[in-house]
Every structure is written in structure tokens, then in C-alpha cells.
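What follows is each chain in one-letter form.
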Amino acid sequence: MMQSFINGATRIYLACGATDFRKQINGLSALVTMKFDLDPFNDDCVFLFCNKKRTSLKVLRYDKNGFILASKTLLDGMKFQWPSNKEDIYQINQKQVEWLLDGLNIEQVKAHHNVKITGKNACF
């Protein structure tokens, strides 16, 4: 379900470190503007935030005439593999969001790479 709020975005930003989850739309959009110098009103961008315990995520996205704010909270002692660099913001891709939501680290070192076969590089 969280994935549906992210689909179609050309840029996905992950706000590293812990975010105060008392913040709602106004506070999170102000954080995006003032701390990260990005435009929260760009509907091609999605912003992801995590709480201190790494058990909840919030996604903020502008949708033509207003903001969407969705949250996901894990159960049974599970945690998100969230980067701890407090001042950074990472741009990630759709695959990394899937990994994050599945409980994996966003920097997978053993993922297979894409191979593009054309008539010129085929061996037959």
C-alpha cells in the first residue's frame, strides 16, 4: 500500500536519521524546505521519514492541490534498516524503496545487475 503513494515519482528522497513524528504535513514540508533546501510542492518528488525507534515511516507527497501524508508502523519488534547519518538526505530509487519496506538495507552489495542484449553484443 505504501508503494502506491510512491509510484510515478521521478525522485524519492530519504531523510536520514530520526524525524520527530509529532510533525505533520506543515512541519515535514517546512523541514524539506529549510533543512534540505528542496521543494515539497514538486509532485514528482516523494519524501520518506523514519522515527527514532525505526519502527515507523512517513511518506510526504504533493498531489496537484494538496499534500498526501501516509504512515506505516511495523509490528512484532521489527525495524527498518534506516541510514543513521543525521544531516543527510539520500535520493533513492523504486527498488531501494522495496528493499526498505521489506526490511532490507537500501545499499545491497550482492544484487544482480541488469544486462542489455543487442544484436551487436550477442554472441550468436
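As a reminder, the structure under discussion sits directly above these lines.
Residues numbered from 1 in each chain as written. Predicted model: local features only at pLDDT ≥ 70, side-chain atom pairs only at ≥ 80, totals over all residues. Heavy atoms only, no water.

A. Main features of the packing of aromatic side chains. Overall, the coordinates contain four aromatic pairs when judged by the stated rule. Plain terms: the ring middles of Tyr13 and Phe47 are 5.5 Å apart, the flat faces sit at 15° to each other, and that makes the pair stacked. With Tyr13 in strand β1 (residues 11-15) and Phe47 in strand β2 (residues 45-50), this residue pair connects regions lying 34 residues apart in the sequence. Residue Tyr13 shares its accessibility class with Phe47, and that shared class is buried. Aromatic rings pair up to connect Phe41, Tyr62 and Phe67 into one cluster. For the cation-ring pair, Lys58 lies above Phe21, with the distance from its terminal atom to the ring centre recorded as 4.9 Å. (Phe/Tyr/Trp six-rings, centres within 6.5 Å; stacked < 30°, edge-to-face > 60°. Helix = DSSP H or I, 4+ residues; strand = E, 2+ residues; numbered from the N terminus. Buried < 20%, exposed > 50% of the residue type's maximum accessible area, 1.4 Å probe, protein only. Lys NZ or Arg CZ within 6 Å of the ring centre and 35° of its normal.)

B. A look at the state of the cysteines. With the rule as written, the count across this model stands at zero disulfides. Summary of cysteine pairing: Cys16 is not part of a disulfide, and the nearest cysteine sulfur, belonging to Cys50, is at 10 Å. Of the cysteine sulfurs around Cys45, a residue in no disulfide, the closest is that of Cys16, at 16 Å. On the basis of relative accessibility, which here comes to 3%, the residue Cys45 falls in the buried class. (Disulfide = S-S within 2.5 Å.)

C. Molecular detail of the side chain of Asn51. On the secondary structure map, Asn51 appears in the loop between β2 and β3 (56-62). At a separation of 3.0 Å, a polar atom in the side chain of Asn51 contacts the main-chain amide nitrogen of Arg54. Engagement of the side chain of Asn51 in a polar contact is seen with the backbone nitrogen of Ser56, the distance being 3.1 Å. Discounting residues that sit within four places of it in the chain, Asn51 has contacts with Ala18, Thr19, Phe21 and Ser56. (Polar contact = N/O pair within 3.5 Å; in protein donor to acceptor, adjacent residues only side chain to side chain. Contact = heavy atoms within 4.5 Å.)

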